[in-house]
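# Analysis of the macromolecular model
Each chain, written out:
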Amino acid sequence: MTSSNELCIFTPTYNRAYCLSDLFDSLCRQTTMQFEWLIVDDGSTDNTQELVSNFQAKGQFPITYIKQANGGKQRAFNTGVQHCKSELFMCVDSDDTVPVDMVATILNKWGEVHDDPTIAGVIGMDGKDVATPLQTSFPKGLQFTTMWDLYYKHHHKGDVAVAHRTEILKQYPFDVAPNEKFIAETYVFHQIDQHYKLAVIPKILIIANYRADGYSANVRKVTRENPIGYMKLKRMYIEYAETWRLRFYETILYMVGCHFAQQSGAISNAPYRFLAAAAWLPAQILCHTVYRPK
């Protein structure tokens, strides 16, 4: 088992006092208290700070609370990474809960692999409950993977739970565009994939409880409001894609981002101009149907 400062559970939160206690309670039920909880409050106007003070008073494990001006989840993530003193950094959202053995499971696996400098961290599944993955389970026998390979070679579906080495995350901060508040986590994670692999934990590590006010439930709106970040993300996907089919699919989405960002020269500046020209019409259809404000 690794030492008590190996794992930092990071939670970005914004006006989630109504559900944050559920996560706290699940952390209190852990079979080991060898972790710290780092909360970055992204400008909440509810009673989050008072609630966290009550958590801290109970003293079962270290809790650090940082409040900053509202800037979105990824800016909160950057703040958390910079303040983290643990070897591993794992994001658990404010509307999630965790199984009772999550910390022990991660630390046990990390104890097996942490001496290998090619391993960036560990990866497990998100689930509907402790026994039911959100969509698919990990392939049987898979021991190491990148997140990119997990989705695009092994065809996993559903969100994942990942704990990265903090020192690696510090090298890949989120680049959030001015006047925007979001860029997908995979923008950083797939960059790390180019140089490192992850040790696989074939278990559910996070129980996801998607709320109506969260990013997942408002993905189209988030895209419209953060088009530069979306365009940047999809450009990266095009460059990493290993098949023309995937390059074309991601080019369509890249062109969607260009549309909402009002980006001039979208076709001429695309990684593959001929794909961008072919993608223009389907992207326009998506912009006026799937991505249209309701």
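Turning next to helix α10 (residues 244–261). With 18 residues, α10 extends 25 Å from end C-alpha to end C-alpha; this agrees with the ideal 26 Å at 1.5 Å per step. Every buried residue of α10 is listed here: Leu246, Arg247, Glu250, Thr251, Ile252, Leu253, Tyr254, Met255, Val256, Gly257 and Cys258. On the buried face of α10, the contacting elements are α5 (147–152), α9 (227–240) and α11 (273–287). Of the residues one or two after α10, Gln262 is the one with positive phi, at around 55°.

Core analysis: the biggest nonpolar cluster contains 42 residues, and Phe10, Phe77, Phe89, Ile123, Leu169 and Val188 have the highest contact counts within it. If one sorts the elements of this core by residue count, helix α7 (residues 186–193) sits on top with four residues. Other than its neighbours up to four places away in sequence, Phe89 contacts Cys8, Phe10, Leu38, Phe77, Gly80, Val81, Cys84, Val162, Ala163, His164, Thr166 and Leu169. Grouped together as the second largest cluster of nonpolar side chains are 35 residues, Leu23, Met102, Val122 and Ile201 included.

The final tally for this structure, using the stated rule, is 19 aromatic pairs. Both rings, one in Trp148 and one in Tyr152, keep their centres 4.3 Å apart while their planes meet at 35°; by these two values the pair is tilted. Here the residue Trp148 and the residue Tyr152 both occupy positions in helix α5, the gap between them amounting to four residues, near one helical turn. Of the aromatic side chains, those joined through ring pairs into one cluster are Phe10, Phe77, Phe89, Phe174 and Phe189. Positioned above the aromatic ring of Phe144, the side-chain terminus of Lys197 is 4.9 Å from the ring centre.

Rules and cut-offs
The residue numbers shown here count from 1 along each chain, following its written sequence. pLDDT decides what is reported in this predicted model: residues at 70 or higher carry local features, side-chain atom pairs at 80 or more are listed and counted, and totals for whole chains, interfaces and linings draw on all residues regardless. In computing side-chain properties, one takes all heavy atoms of the structure into account and sets aside hydrogens as well as water. By the criteria applied, helices consist of DSSP H or I runs no shorter than four residues and strands consist of E runs no shorter than two, each listed in order from the N terminus. Residue count minus one, scaled by 1.5 Å, sets the expected span of a helix. Relative accessibility decides the category of a residue: with a 1.4 Å probe and only protein chains considered, values under 20% of the type maximum give buried, values over 50% give exposed, and everything between is partly exposed. We call two residues in contact whenever any of their non-hydrogen atoms come within 4.5 Å of each other. Nine residue types can take part in a nonpolar core, namely buried Ala, Val, Leu, Ile, Met, Phe, Trp, Tyr and Cys, and a core is a set of them joined through side-chain atoms within 4.5 Å. Pairing of aromatic rings covers Phe, Tyr and the six-membered ring of Trp, with a centre-to-centre limit of 6.5 Å; geometry is then stacked below 30 degrees between planes, edge-to-face above 60, and tilted otherwise. Any Lys NZ or Arg CZ found within 6 Å of a ring centre and within 35 degrees of that ring's normal is scored as a charge over the ring.

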